[in-house]
Amino acid sequence: MNKRTQLRKKIRTLRRSLKPHQQKQAALNLLGNIRNRADFRNAKHIALYLPNDGEISPEPLIKLCWKLGKKVYLPVLHPVLHNRLWFIPYTPQSPMIRNIYGIKEPKLIPSLCRTAWSLNLVLLPLVAFDQNGNRMGMGGGYYDRTFSFKSLKKGINGPALIGLAHDIQRVEELPVESWDIPLTSIVTDTKSYP
Ligand SMILES: Nc1ncnc2c1ncn2[C@@H]1O[C@H](COP(=O)(O)OP(=O)(O)OP(=O)(O)O)[C@@H](O)[C@H]1O
Ligand SMILES: [Mg+2]
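One numbering rule holds for all chains: residues counted from 1, following each sequence as written. Labels follow written order: the first chain is A, the first ligand is 1, and so on. Totals for whole chains, interfaces and linings use every residue, but because this is a predicted model, local features are given only for residues with pLDDT of at least 70 and side-chain atom pairs only at 80 or more, for both listing and counting. To get the side-chain values, take all heavy atoms of the structure and skip hydrogens and water.

A. Region of the structure containing the pairing of strand S10 (residues 185-188). The alternating pattern of S10 places Ser185 and Val187 and Ile186 and Thr188 on opposite faces, both of which are buried. Only when DSSP finds a minimum of two bridges between them are two strands counted as paired. Every helix listed is a DSSP run of H or I at least four residues long, and every strand listed is a run of E at least two residues long, numbered separately from the N terminus. In terms of strand pairing, strand S9 (residues 160-165) meets S10 through four bridges, oriented parallel. By the bridge assignment for S10, Leu164 is matched with Val187. Pairing of S10 with strand S11 (residues 192-193) involves two bridges; the strand directions are antiparallel. Its bridge partner lying in S11, Ile186 is registered against Tyr193. Turn length for the S10-S11 hairpin, with the two strands adjacent in sequence and antiparallel, is three residues. Whether a residue is buried, partly exposed or exposed follows from its accessible area with a 1.4 Å probe, protein chains only, as a fraction of its type maximum: under 20%, in between, or over 50%, in that order.

B. Quick look at the coordination of the magnesium ion (ligand 2). All of the protein donors around the magnesium ion (ligand 2) are Asp144 (OD) and Asp180 (OD); their distances to the metal are 2.0 Å. Here Asp144, found in helix H5 (residues 142-146), pairs with Asp180, found in the loop between S9 and S10; they are 36 residues apart in sequence, far enough to count as distant. For the pair formed by Asp144 and Asp180, the shared burial category is buried. Coordination here is defined by N, O and S atoms within 2.8 Å of the metal (3.2 Å for Na, K and Ca), and since water is not considered, a site can look incomplete.

C. A look at empty space enclosed by the protein. Both cavities and pockets are sets of points on a 1 Å grid over the protein atoms alone; in a cavity a 1.4 Å probe fits but cannot get out, in a pocket the set is open with protein on both sides within 12 Å along at least five of seven lines, and lining residues sit with an atom within 4 Å of a point. Grid points are joined across faces, edges and corners, and a volume is the space filled by probe spheres set on the points. Under the definition given, this model contains one cavity of 30 Å³ or more. Quantified by volume, the largest cavity comes out at close to 40 Å³. Lining the largest cavity are Leu124, Arg135, Tyr143, Asp144, Phe147, Leu161, Ile181 and Leu183. Any residue that is not Ala, Val, Leu, Ile, Met, Phe, Trp, Tyr, Cys, Pro, Asp, Glu, Lys or Arg is counted as polar, Gly included; the first ten are nonpolar and the last four charged. When the residues that make up the lining of the largest cavity are grouped by side-chain class, the tally is six nonpolar, no polar and two charged.

D. Quick look at unusual backbone geometry. Here the residue pair Tyr193 and Pro194 is connected by a cis peptide bond, since its omega of -5° sits within 30 degrees of zero. One can find Pro194 in the segment after S11.

E. Representation of the site of ligand 1 within the structure. Contacts to ligand 1 come from 16 residues, most closely from Arg8, Gly137, Tyr142, Asp144 and Trp179. Two N or O atoms count as a polar contact when they lie within 3.5 Å, although within protein this holds only if one can serve as hydrogen donor and the other as acceptor, and sequence-adjacent residues are included solely when both atoms are side-chain atoms. At 2.9 Å, a side-chain N or O of Arg4 approaches an oxygen atom of ligand 1. One of the side-chain nitrogen or oxygen atoms of Arg145 is found 3.1 Å away from an oxygen atom of ligand 1. What sets the accessible areas is the Shrake-Rupley method with a 1.4 Å probe; for residues, cover comes only from the shown protein chains. Here ligand 1, which alone exposes 650 Å², has 73% of that area covered by the protein. If one sorts the elements of the shell around ligand 1 by residue count, H5 sits on top with four residues. Within the shell around ligand 1, the residues separate by chemical class into five nonpolar, five polar and six charged. One heavy atom within 4 Å of a molecule or strand makes the whole residue count as near it.

F. The packing of aromatic side chains, seen in detail. Note on aromatic pairs: the rings of Phe, Tyr and Trp (six-membered ring only in Trp) are paired at centre separations within 6.5 Å, and the planes decide the class, stacked below 30 degrees, edge-to-face beyond 60, tilted for the rest. A complete count under the given rule lists seven aromatic pairs for this structure. Residues Trp66 and Tyr90 carry aromatic rings whose centres are separated by 5.3 Å and whose planes lie at 55° to one another, so their mutual orientation is tilted. Within this pair, whereas Trp66 is found in helix H4 (residues 59-67), its partner Tyr90 is found in the loop between strand S3 (85-89) and strand S4 (96-98), the two being separated by 24 residues in sequence. For the ring pair Phe87 and Phe147, a centre distance of 6.1 Å and an interplane angle of 50° mean the geometry is tilted. Pair noted here: Phe87 is in strand S3 and Phe147 is in the loop between H5 and S9, with a separation of 60 residues, a long-range link.

G. Summary view of the side chain of Asn134. Positionally, Asn134 belongs in the loop between strand S7 (128-129) and strand S8 (135-136). For Asn134, a relative accessible area of 16% translates into the label buried. The contact definition used throughout considers only heavy atoms, calling two residues in contact when any of these lie within 4.5 Å. Ignoring any residue separated from it by four or fewer positions in sequence, one finds Asn134 in contact with Ala128, Phe129, Leu174 and Val176.

Structure below.
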């Protein structure tokens, strides 16, 4: 097992070991750390995710977005271009299915999909992060591929990418690969980086 794989395994075990009451408190603290940010308040089209594998839950944030009249989207695996994400509107009425990983996602209705670059803000999960905005995900490269347009010199700026995590997922320095897309910032249950 290489260093990257080992680190991923260690931190996934750590976040899965959090008790339900700790997860609940973390989700509420996260809400408090995001709701007054200018990038959140100014965003109309926001992508979030449903928590899995001990990820910090953005569910209280999703409910706040609905209350504020913001449009919420969830990532779904593209049925043909399997390595990219599509973003589907998510409302309390959305019909849900389970994807190949057993993760719940809204039923894909291609005409309703929003392109990655036309979102205002993406709040994405991660496995590990460091104070410099480097992110390690689950290892599929899905977010990296979907937002690779952000690293092109003449590319579109696209949405701000904010990683959400438990503070225990922070490491001193993350090994970065050439394809990794850096985050705008990371918000945890205790603080924001940078
Ligand atoms: N823009 C890209 N084009 C082609 N392949 C890519 C691109 N970005 C990532 N990959 C491939 O995806 C694989 C997984 O990448 P990586 O280990 O960085 O995943 P990750 O960031 O942990 O996952 P995720 O983005 O899904 O959370 C790598 O082997 C890499 O070659
Ligand atoms: Mg990556």
